Number of protein chains: 2
Amino acid sequence: MEKERIIDKFLQPKSVAIIGVSKDFSSISGKPLKNLIRHQYDGEIYLVNPKYDEIEGITCYPSILDVPGSVDVALIAVSQKRIMQVLDECKEKSIKHLILFGAGFAETGEEGKALQDKLLEEAKKADMHLLGPNCIGLLNVKKSIPLGFSTSFETDKGFIEGNVGFASQSGALGFSLFGIAQEEHIGFSYIFNTGNQIDLHTLDCMEYMLEDEDTKVICGYLESIPDGEMLIRLAERSKVLKKPLILLKAGRSELGKQAAISHTASLTGSEEAFQAIAKQYGIITANDIDDMIDAMKIFKRGKSANGNRVVTISNSGAAGIAFADYSEALGLNLVSLSTETEEKIKQVIPPYGSPKNPVDITAQALKEQHIFIETVKIVVNDPEIDAIIVQTTFGGELGKTICEKIAEIDRTTNKPIVVTVTGANEITGQGKEYLEKVGVPVYLTPYKTMVALKKLIDFSLFCEDSKRNEDSGYTSPSLEHIPTSGIWTEEKVKKILAKMNIRIPKGNVIENETHLKQIKDVIPYPVVSKVISDNILHKTDAGGVKVNIQNAEELQKSYTEIIESAKKYFPNAKITGVLAEEMINDEAVEMFIGIKDDLDFGTLIVTGLGGIFIEVLNDVAIRKAPISLVEARLMLKELKGYPLLEGVRGAAKRDIEALAEALVRISYFAKVHEGKIKEMDINPILVFEEGKGIAALDGIILWND
Amino acid sequence: MEKERIIDKFLQPKSVAIIGVSKDFSSISGKPLKNLIRHQYDGEIYLVNPKYDEIEGITCYPSILDVPGSVDVALIAVSQKRIMQVLDECKEKSIKHLILFGAGFAETGEEGKALQDKLLEEAKKADMHLLGPNCIGLLNVKKSIPLGFSTSFETDKGFIEGNVGFASQSGALGFSLFGIAQEEHIGFSYIFNTGNQIDLHTLDCMEYMLEDEDTKVICGYLESIPDGEMLIRLAERSKVLKKPLILLKAGRSELGKQAAISHTASLTGSEEAFQAIAKQYGIITANDIDDMIDAMKIFKRGKSANGNRVVTISNSGAAGIAFADYSEALGLNLVSLSTETEEKIKQVIPPYGSPKNPVDITAQALKEQHIFIETVKIVVNDPEIDAIIVQTTFGGELGKTICEKIAEIDRTTNKPIVVTVTGANEITGQGKEYLEKVGVPVYLTPYKTMVALKKLIDFSLFCEDSKRNEDSGYTSPSLEHIPTSGIWTEEKVKKILAKMNIRIPKGNVIENETHLKQIKDVIPYPVVSKVISDNILHKTDAGGVKVNIQNAEELQKSYTEIIESAKKYFPNAKITGVLAEEMINDEAVEMFIGIKDDLDFGTLIVTGLGGIFIEVLNDVAIRKAPISLVEARLMLKELKGYPLLEGVRGAAKRDIEALAEALVRISYFAKVHEGKIKEMDINPILVFEEGKGIAALDGIILWND
C-alpha cells in the first residue's frame, strides 16, 4: 500500500527540516525545535531561517536549498504568504513529506481556499505529500518523535507508549485529549492532527493504524467525513481485526455545522446518516473528550465479552442502586444470579449484605478484605456471567491491596472486569493509579463505568454476529433497455416492485374510452381509480383518485371525472391512462420505505410508519444499502412505533417478516442502481396480519440525470 | 423551630461520648475517636468500653452511666444486639442526641425492622433524637467537627469550608462525593448521612441548611422521599431564598428500586412523579456524583443569569463546534451577536478567527493574550448577553495568567462566567486550580460546562418566574351532601365537569320507557346513547353504546337493545337509565386528563393525547395539583404529541387555551378533594379548532373509601 509507506515516512523520518524556525521557543515556529530537543530526537535536524546562524548550537541555513543532507520530512512554519515559494524550494530539494502548520487557508474564505487548492495541485504534480495546513503536527509515541507545536509535547515525564492510536482533525482537541489520557496512564502508538487535511486525512491515518500491529484501538475526532465509503470499509475491516473504531463526530447540530464550516472549511454530513452507519457497521461513538477517554480505557485492555450478562459487586448499597438505575437506561443486563452462585456469595458476605445482583458485600470488607476478593472469584467462575463490575470506596493501603487483588484476578480470566473507585484522590488515588498502570479499566463513577462497559459489550457482540452483514444473495430486476431518467410515477414503480416479488394490488391501466369499454365488465370490483401521468406527482391534489368503485357504471363515471380533473389541474400533462386497481380493505399498519442518495455514504434505505410517526415524531430508521434480513429486523425494532407492528392492546401482530424481506429486496435494488437513483419513496406499504404479507400501494422514483 | 435546635446540637456538641469505642483505629468503632483527635475537637470526649482503662490518654469508662459530665451527643458503636441496653443507659444519663453507626436493622428484614421500630419508640418516649442507624455520621465542616467513621475524615489537610451543604442517605456515596468535591476546592458547611433515617431524615437536614445563613447551595442524595409535601415546601422556600436544591435521586429503575429496598429498607416512589415535581418546583436534579459536583461548582459562585442568551469564546475551533452541538441538545441559546459586538470582536481577533458566536479567537492568543481578555470584556459589556463560556487549552504560565485575568473580569460583573480548561493537569492544571480556588466555575470538557450552565440558567429563570406557581383563585364545585365513595361513572362525573364550566355534550338520561316516550320527539337528533350504571365501567364491552341515532324510532330501538345487552352483560347491575346525548362530529384532537393520588406527593394531575401517544409512546405530562395557567401550558408543550395541538401539515390549530384552562380547573377540583379522590380519568376530551373550545365525552372517579 502506497499510503502506508507515506505515513511510515512521516512517522519515522531520519531527518527533519524546520523551515521558518524561530529562536522564540514559546512561539509556534519555535516550539517544534524545542520539542525535538526535549524528546532527544536522534535523526538529523536542519534549521532554515535567514535571520539566524544557529539555534541551540544547530546550524541555521538561509534557505532549504542550502541544507547539505537530504530531508525526509519538512516542517513548514512560514506564513501563508510565503507558502508557495517554500513549496517550490522543497520541490527543488526533492522533499516529499511536508507538515504545514500555518493557518489562513480555506477556513478564512474564498481566497484562502484558492491558495489551498493551488498548493495541493503543485504538491501533487511533484509527488509531494502534505499533512495540514492549519495543523499542529503529529507524534510518534512509540519512538518519542514529536513533529509539531502542541503544548502536550512539553512534558518532561516522557510519553506513555501503548496500543491506542488517534487521528484528530482538530489539533487543540486532539492533543488536549492525548495529554489527559496520558495522565490516566493510557498509552498511545501515534497521534495525528490533520487540520485542513487537503491531502492526508483522518481516515488515511486511521487506516494506517488499523493495519499497524502495535495499534489495537483506533480513535478519531472528525468534523467531516472525508470519504464515507472508506469509513465503511475501515469499519468492516475493524470487525475482522476486532480492533474498535471509536469516533467523536462533531458538527451534529445545525449551528455546529456552521461553526465547522468556518473552522476547517468542511461540509458536515447529515448526523442521522452518520449515526445509522455507526450502528450498522459497529463504529463506537463518543459524546465528548472524557467519554472517548473512558472508551479508550476499556478497549485498550483487549478483552471482549461473550454476552450482555453483567454482575456488579460493591461495598456500598448506593452504588448497587446506581448500577441498577443506569443498567436499565443503558441496556445492560444485570442478570439474576443462579441459586448456586447466590448461595456461594451468601457464605462469604455478612448477613445484612445482598447476594443478589447488584451484589452488596457491605462495608464489612473494610475489616475482612477477603470478602471482596472471594465474591469476585465466585462470579468470575460462574459461566452465566459475561462481565463484572467491581465498585469500591476504600482508600489507603486497604484500598490499594483490594485493587491489586482485583488486578490479579483480572489476569486470570478472559472476562472483562471493570472497576469503579469512588473517592478523593488523596484517599483512593493509590488503588486507582495502580489499576490504571496495570491496565485494568477504572472509573470514578458508576455511570461512567457502565457507559464504557456497554460500548465494549456492543462491539464484542457485533464482531461475533456474522449474520448481521451477511449477503442475502438477491439479484435485482434489471433495468436494461429502460431509460432511467426524470421521474417515475406509480405505474412504472409498481412494475419494478412486482419484479422484486413485492405484492402490488391487481389492476389494469385503462388507456382510453375504447379500452374502458372492453374491460369494464370483466374487472373484479370494488376498485380504486387513479390517474397515471409522469407529470402528476400529487394525484389527490389533481382530483385524480376515486375510491370504492363498485361497478362498471361507476367506473365509467370515475374515468371521465378523473381525466377531466387531471386536464384541468395540469393542461399539458401527458396522461397514460387511468389505473383501475383492486381495493384492499384488510386491517393494516401503514409504512413507507425510501431510498436516498447521501452525499457521504451513497445509497441509504429508510423506513418508518406513516402518519404522525413520520410527521410529528420523525421516527425513521436508516441504513446503508444493501442490508441483511437480520439488519432489516433491527431497523424495524428501533422504530418508536414498532409496538404497532407487534400489535398493541389486542390488535393482531403484523407480518413483520414480510416487511423485513421487502426492505432487504428494495435495499438490493438500491445497491444495484446506486448512483442512478436520487430518491425513491414507496408509500404507503400496507402491513397485514402475520402470515398475510404486505402490499405496496404507491411509489415514485427520482433518477439522477 | 424545634428541629433547628436539635440539629444545632448534633452539629455543635460541647461534649461527645463514644459508646463501644475501640483501640483499633482502623475499625468502625475506632475511627470516630481517631477523627476527633486528628481534627482537634475542643469539647469533652468521653469514652465508654469496659475492656479498656484509657485510649490515647483519655479515660475509658465501663458504662455511659460512669461518665462524670453531661453528654451532648453520643456516638453509638455497639452491635445491634446491645443497642436497646445502650439506649436505656443513655436515657438514664439524659442524653438526647444519638448517632447510631451499626447496621443490622430494617435493611436486613422483618426482625431488624421490628428492632428498629422499638428503638424509635423508646427514643421518642424519652424525647431522644436519632441520626441513623446504619449511618457513617456527620461532619460540621465550618467548625471541623467530624462525628463518624468516614474515610474522607482521614485527611491531614483540613477541610475546606464553604457554602455547600449536603445530606446523604448513603454514607459511602455522601462522603466519597464530599472528598472528591473538596479536591476541586468546593467548600462545605455541613454533611449529614442519615442511613436508615428512622428519626432525622435527609429533608430535615436539608431544611436546616436551607435556613442556615452560611449555606447557599443545598444538596441531597435520596433513595426515597421521606416526605413529599415537605420536599415541595422546601423547593418553594428554595425559590424564595434563591438557594438551589440539588438532588441526586436513586432508585429510578425497577431494578434500582428493588436494590433500594434491600439497601435502606425504603420504598422508592415513582420516578415519573418525582421528575414532574422537580420540573414544577425548580428542583435541580443530577445524574451521578460528578454531575452533582459540577452543579455545586457553578451554584456556589452565587451568580444568577438574567436569561438564556449564551456566548462561547474559545481558542480552538473544535471547542466552538462542540459548544454549538451541545447547546442545541441541551436547550442553551447560542445567540447571534449584534453587528456592533461582532465588529468590536473583529478588531481584536486575527482575520482567520470567527467573531460570530461560537467565537473563535484562534491559537493566536498564545502570542497575544490580550485577545482573550478583550474579547471576554466585549461580551461582558454587551447587554444582550446573559452568560459567557470561555474555553482555553493553554497551559503553563500563559494559561495561568489568562485564568487570573478571567477571574478578575468575573469579579467585576454579575453575569455568570464559566470556564472550560481542557488539557492534562501537568499542563493546564495551574490555571484550572487557580480558578477553583477563587471560586470561578471551571470544567474539563465543553459538555460538562454546558450541562452545569443550563442548570444555573434554568434555576435563575425559575426564581424570577412569578407567574408559574401563581394561584388562579379558582373555587371548585362543592360536593357537600353528596356521598363520595366507590366509583362514579359518566353521568355523575359529567355533572361535576359542568359545574367546573367544562363543556359536556347536551343530553338527557332516559330513566324508563315512560320517560322515553315523553322526550323522544323533542330531542335534537343525531344523538349517541349510552347505558348509565355505577356497575358498568366498560360500556362498550357491555354493548351499552349506540352512535349516530337519527330519529325517535332509532332511539326507541337503541334504548331497548342497550338495556337488554347491559342486563345480559351484568345481570345484577343497577341501571340508572340510558343517556341520549348530542353527537359531536367536529374535527378534534382526542386528549385525556387524569388525577392520581400519589404515595409521595399527594394529588397529581396528568394529561396526554389519546391513541398511540398513550398506548405506544407513554407520552404524558404530570404535575402536582393545583397548577397555574402558565404551568398548564408548559405541561402541554412537553408532550411529544404537542405538534398535533399546534396543527401539523395544514391541519388547523387546536384550542390549546381552552384545554389549558380545563387542566387548571380540574387541578383545583383535585386539590380541593385531595385525599378523597383516588383516581379520576376524563377520557376522551375533544379539543376543537382554536376558539371553538373543548368537550369532555366521558369520565370516571374512584373515591378513597
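Refer to the structure presented above.
Quick caveat, the model's predicted, so the values are computed rather than measured. Counting starts from 1 at the beginning of each chain's written sequence and moves along it residue by residue. Just so you know, chain letters begin at A and ligand numbers begin at 1, following the order they were written in. pLDDT decides what is reported in this predicted model: residues at 70 or higher carry local features, side-chain atom pairs at 80 or more are listed and counted, and totals for whole chains, interfaces and linings draw on all residues regardless. Heavy atoms from the whole structure form the basis of all side-chain values; hydrogens and water molecules are not counted.

**Digging into the sheet that holds strand 7 (residues 129-131) of chain B**
Residues and elements named next belong to chain B.
- Paired strands, as defined in this entry, are two strands with at least two bridges between them according to DSSP. Under the scheme used here, helices are H or I runs from DSSP no shorter than 4 residues and strands are E runs no shorter than 2 residues, and both carry numbers assigned from the N terminus. The seven strands are arranged 3-4-2-1-5-6-7 in an open sheet whose pairing can be described as mixed. Taken across any chain shown, the strands that pair with only one partner, and hence form the sheet edges, are strand 3 (54-55) and strand 7.
- The pairing of strand 1 (residues 15-19) with strand 5 (residues 73-76) spans four bridges and is parallel. Paired with I19 across the bridge in strand 5 is I76.
- Packing of helix 3 (residues 83-92) onto the sheet brings it into contact with strand 1, strand 5 and strand 6 (97-100), and relative to strand 5 it is tilted by some 165°. A contact between two residues is defined here by any heavy atoms of the two lying within 4.5 Å. Axis geometry follows a simple rule: fit a line to the C-alpha atoms, using only the stretch in contact for helices, then measure angles between N-to-C directions, giving values from 0 to 180 degrees.

**Re the packing of aromatic side chains**
- Here a Phe, Tyr or Trp ring, Trp counted by its six-membered ring, pairs with any other such ring whose centre lies within 6.5 Å, and the pair is stacked when the planes are under 30 degrees apart, edge-to-face when over 60, and tilted otherwise. A full pass over the atoms with the stated rule returns 24 aromatic pairs over all chains.
- With 5.4 Å between their ring centres and 90° between their planes, A:F101 and A:F149 make a pair best called edge-to-face. Within this pair, whereas A:F101 is found in the loop between strand 6 (97-100) and helix 4 (110-125), its partner A:F149 is found in the loop between strand 9 (145-148) and strand 10 (161-168), the two being separated by 48 residues in sequence.
- Aromatic ring contacts, followed pair by pair, group A:F153, A:F159, A:F175, A:F178 and A:F188 into a single cluster.
- Each ring is checked for a lysine NZ or an arginine CZ that lies within 6 Å of its centre and within 35 degrees of its normal; such an atom marks a charge sitting over the ring. In this structure, B:K249 packs its charged tip against the face of B:F274, placed 5.7 Å from the ring centre.

**Focus on the relation of the copies chain A and chain B**
- Copy-to-copy superposition: least squares on the C-alpha atoms, limited to residues that have pLDDT of at least 70 in both copies. When chain A is fitted onto chain B, the two copies agree to an RMSD of 0.1 Å after a turn of 180° and an axial shift of 0.0 Å. Taken together, the rotation and translation describe the operation of a two-fold axis.
- Here 100% of the contact residues of chain A are again contact residues in chain B; the copies associate through an equivalent surface.

**Thoughts on the side chain of A:D291**
All names here are of chain A.
- Structurally, D291 is set in helix 10 (residues 289-300).
- Only protein chains enter the accessibility calculation, which uses a 1.4 Å probe; a residue whose area is less than 20% of its type maximum is buried, one above 50% is exposed, and one in between is partly exposed. Residue classification places D291 among the buried positions, given a relative accessible area of 15%.
- Looking at D291, its side chain comes within polar contact range of the main-chain nitrogen of N287, at 2.7 Å.
- Setting aside chain neighbours within four positions, we find D291 in contact with T285, A286, V451 and K455. Side-chain atoms alone can form a polar contact between residues adjacent in sequence; in general such a contact is a pair of N or O atoms within 3.5 Å, and within protein one must be able to donate a hydrogen while the other accepts it.

**Some remarks on the interface of chain A and chain B**
- Taken residue by residue, the interface counts 77 residues in chain A and 77 residues in chain B.
- At the boundary of chain A with chain B, total buried surface from both sides reaches about 5800 Å², with 66% on carbon and sulfur atoms.
- Just to be clear on terms, a salt bridge is a Lys or Arg side-chain nitrogen sitting within 4 Å of an Asp or Glu carboxyl oxygen. Where chain A packs against chain B, one counts zero salt bridges.
- For the pair chain A and chain B, the number of links is 17 residue pairs in polar contact (both at pLDDT 80 or more).
- Counting residues per element, the side of chain A that touches chain B draws most heavily on helix 11 (residues 317-330) of chain A, which supplies nine residues. In this description, buried area is defined as the sum, over both parts, of the accessible area (probe of 1.4 Å) that is lost when the two are combined.

**As for unusual backbone geometry**
- Here the bond from B:N357 into B:P358 is cis, since omega is 0°, no more than 30 degrees from zero.
- Of note, B:P358 is situated in the loop between helix 12 (339-348) and strand 17 (359-360).
- Geometrically, the link from B:Y525 to B:P526 is a cis peptide bond, its omega value of -5° lying close to zero.
- The phi dihedral of A:S144 falls on the positive side, at around 55°, and the residue is not glycine.
- Within the fold, A:S144 resides in the loop between strand 8 (137-140) and strand 9.
- In this structure, B:N548 is a non-glycine residue whose phi angle is positive, near 60°.
- Summarising the element assignment, B:N548 is placed in strand 24 (residues 545-549).
- Looking at B:N548, the relative accessible area reads 37%, which means it is partly exposed.

**What to know about the state of the cysteines**
Residue and element names in this part refer to chain A.
- The disulfide criterion used throughout: a pair of cysteine sulfur atoms within 2.5 Å. Following the criterion strictly, the structure yields zero disulfides over all chains and no others.
- In this model C60 remains outside any disulfide bridge; the closest cysteine sulfur is found in C90, 14 Å from its own.
- According to the relative accessible area criterion, C60 is buried, its value standing at 6%.

**Topic: the sheet that holds strand 24 of chain B**
Residues and elements named next belong to chain B.
- Across the sheet, which stays open at both edges, the four strands sit in the order 22-25-23-24 with antiparallel pairing between neighbours. The open sheet is flanked by strand 22 (507-510) and strand 24, the only strands paired with a single partner. Between one strand axis and the next, the sheet turns by 25° as a mean value, whatever way the strands run.
- Looking at chain direction, strand 23 (residues 527-533) and strand 24 are connected through three bridges and run antiparallel. Bridge assignment links S529 to a residue of strand 24, and that residue is K546.
- The strands touched by helix 19 (residues 552-569) within the sheet are strand 22, strand 23, strand 24 and strand 25 (575-582), with strand 24 carrying the most contacts at an inclination of about 170°.

**Quick look at the pattern of salt bridges**
Residues and elements named next belong to chain A.
- Counted according to the given criterion, the structure contains 99 salt bridges over all chains.
- Notably, a salt bridge pairs K31 with E154, separated by 2.6 Å at the nearest N-O pair. Of this pair, K31 sits in helix 2 (residues 31-38) while E154 is found in the loop between strand 9 and strand 10, placing the two residues 123 residues apart along the sequence.
- With its nearest N and O atoms 3.3 Å apart, the salt bridge here joins K546 to E561. Here E561 lies in helix 19 (residues 552-569) and K546 lies in strand 24 (residues 545-549), a separation of 15 residues in the sequence.
- For K546, a relative accessible area of 27% puts it in the partly exposed group.
- A cluster of three or more residues bridged by salt bridges with shared partners is formed by E490, K494, K530, K539, E581 and D698.

**Quick word on the environment of A:V359**
Residues and elements named next belong to chain A.
- Here V359 lies in strand 17 (residues 359-360).
- On the basis of relative accessibility, which here comes to 0%, the residue V359 falls in the buried class.
- Considered as a pair, V359 and T375 are 16 residues apart in the sequence and their alpha carbons are 8.9 Å apart.
- Residues in contact with V359, not counting those within four places in the same chain, are V311, T312, I313, S314, L337, I345, S354 and T375.

**Re the nonpolar core**
- For this analysis, a nonpolar core means a set of buried residues of the types Ala, Val, Leu, Ile, Met, Phe, Trp, Tyr and Cys, connected via side-chain atoms within 4.5 Å. B:I99, B:F166, B:F188, B:M206 and B:M296 are the most contacted members of the largest nonpolar core, which totals 113 residues.
- If near-sequence neighbours (up to four positions away) are discounted, B:I99 is found in contact with B:F10, B:V73, B:A74, B:L75, B:I76, B:L131, B:C135, B:G137, B:L138 and B:L147.
- Within the second largest apolar cluster, 109 residues are counted, among which are A:F159, A:C219, A:A250 and A:Y326.

**A look at helix 2 (residues 31-38) of chain B**
Residue and element names in this part refer to chain B.
- Along helix 2, the residues classified as buried are K31, P32, L33, N35 and L36.
- Of the surrounding elements, those touching the buried residues of helix 2 are strand 1, strand 2 (44-48), strand 3, strand 4 (58-61), strand 5 and strand 9 (145-148).
- Phi turns positive, to about 50°, at Q40, one or two residues after helix 2.

**Some details on the environment of B:I487**
Residues and elements named next belong to chain B.
- Tracing the backbone through its elements, the reader meets I487 in strand 21 (residues 487-488).
- Judged by its relative accessible area of 30%, I487 is partly exposed.
- For the pair I487 and I701, spaced 214 residues apart in the sequence, the C-alpha separation amounts to 5.7 Å.
- Not counting the four nearest positions on each side in its chain, I487 is found in contact with D534, L537, I700, I701 and L702.

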